[in-house]
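Structural overview for review
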Amino acid sequence: MKLVGCDYRFLEDSSARIEKGRWFSPVDFKNESNVCVIGKNVKRKLFSIGRTDIVGDTLRIEDGVYRIIGILSNEYGTQYPEVGGQNDMILIPMSTARAKFKDYTYQREGRQFKITRIAYDLFLVKVNDTSYIDNTSKRIAAYLEKVHDETRDWGMVVPLELLKQREQTQNIFTIVMGSIAGISLVVGGIGIMNIMLASVYERRKEIGTRRALGAQKSDILLQFLIETVFLTSTGGVAGILLGVGIARTITYYSGMPTVYSLWSILLSLAISSLVGVIFGTYPAYKAAQQNPITVLRSE
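Quick look at the structure, then. All figures in this text were calculated on a predicted structure; none of them were measured in a lab.

**Section: the overall build of the protein**
Assigned secondary structure in the protein consists of 10 helices and 10 strands. Going through the 299 residues of the protein one by one, you find that 29% of them count as buried. Total accessible area computed for the protein in this model is approximately 20200 Å², and 58% of it derives from carbon and sulfur atoms.

Okay, structure coming up:
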């Protein structure tokens, strides 16, 4: 956790949002108010799990007491040099920070202290068009090298490069999780197929009787396919209810929002039904191929 003084546009420029409460108002900056907006990770660390009514509480930081007016969240997990991620920040108005802590840092060198004035620790530069990012970053770097020619006391991070790296990592994660899900579907499908094959063997008398009474092979095939799809769809519905229940439980006790959409629920249900069709076709075919005379004679 870090205490960070920021200006009014920080929320908009950083692509963050306020989960609860409000952002700083112009009055807060003008009056140097002792108010703060905390990141969602700070909320989890400082307050008990499940507590949601922290807006209005106070935090003691060094010799100051700050009233919490909002909870901030950045879904992208953006990290900034020196100050870290927004979800781990305690934000106060820049005017308040300057009034309380001034613009100076003190470093001890032997028996003396080196005093350095630092107006800002971090600048956010927002580019309207991503095609200009590379050129803009080069121009900023050239300017900083010119005005800080004596010592390189600055660094620059281009989020586009980080985003590309994160997308590559996310793609690998998606492939791995998709492979695990695919293996699980195959194993489950094989289990369903074995169960249906055992059902065909146990119900040979029923199949033979239906065939002797005039049922066609297509009728037997359709019957067992419907049973298989019903079995897998029931499992899919149970999995959906369990997943939604776990998601809501996590949200209730940890305060972390979980997101699920209607299309994802319908897609999972369709996939479970498709597994029933794919792995239930062979048992249904075996059932349809039963010879009624042979079956009834053996029974």
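**A look at the nonpolar core**
Core analysis: the biggest nonpolar cluster contains 16 residues, and Phe10, Trp23, Phe24, Val37, Leu72, Met89 and Leu91 have the highest contact counts within it. Listing elements by their share of this core, those giving two or more residues are strand 1 (2–6), helix 1 (10–13), strand 3 (35–39), strand 5 (64–73) and strand 8 (89–93). Look past the residues within four positions of Leu91 in its chain and what remains in contact with it is Val4, Cys6, Phe10, Trp23, Phe24, Val35, Cys36, Val37 and Leu72. Judged by nonpolar contacts, the second largest core, of 13 residues, contains Cys36, Leu59, Ile68 and Ile71.

**Topic: the packing of aromatic side chains**
Inspection of every chain in the model, using the stated rule, returns four aromatic pairs. Between Phe10 and Trp23, the aromatic rings sit 6.5 Å apart at their centres with planes inclined by 20°, giving stacked as the arrangement. Taken together, the positions of Phe10 in helix 1 and Trp23 in the loop between strand 2 (17–21) and helix 2 (26–30) put the pair 13 residues apart, joining distant regions of the chain. Trp23 sits in the buried class, given a relative accessible area of 11%. Ring centres 5.9 Å apart and planes at 80° place the aromatic pair Phe24 and Phe29 in the edge-to-face group. Residue Phe29 is classed as buried on the basis of its relative accessible area of 17%. Within the aromatic cluster, the residues linked to one another by ring pairs are Tyr8, Phe10, Trp23, Phe24 and Phe29. The ring of Tyr201 is capped by Arg204, whose NZ or CZ atom sits 4.4 Å from the centre of that ring.

Conventions we followed
- Residues numbered from 1 in each chain as written.
- Predicted model: local features only at pLDDT ≥ 70, side-chain atom pairs only at ≥ 80, totals over all residues.
- Heavy atoms only, no water.
- Helix = DSSP H or I, 4+ residues; strand = E, 2+ residues; numbered from the N terminus.
- Buried < 20%, exposed > 50% of the residue type's maximum accessible area, 1.4 Å probe, protein only.
- Areas by Shrake-Rupley, 256 points an atom, 1.4 Å probe, with all protein chains shown as cover.
- Core = buried A, V, L, I, M, F, W, Y, C linked by side-chain atoms within 4.5 Å.
- Contact = heavy atoms within 4.5 Å.
- Phe/Tyr/Trp six-rings, centres within 6.5 Å; stacked < 30°, edge-to-face > 60°.
- Lys NZ or Arg CZ within 6 Å of the ring centre and 35° of its normal.

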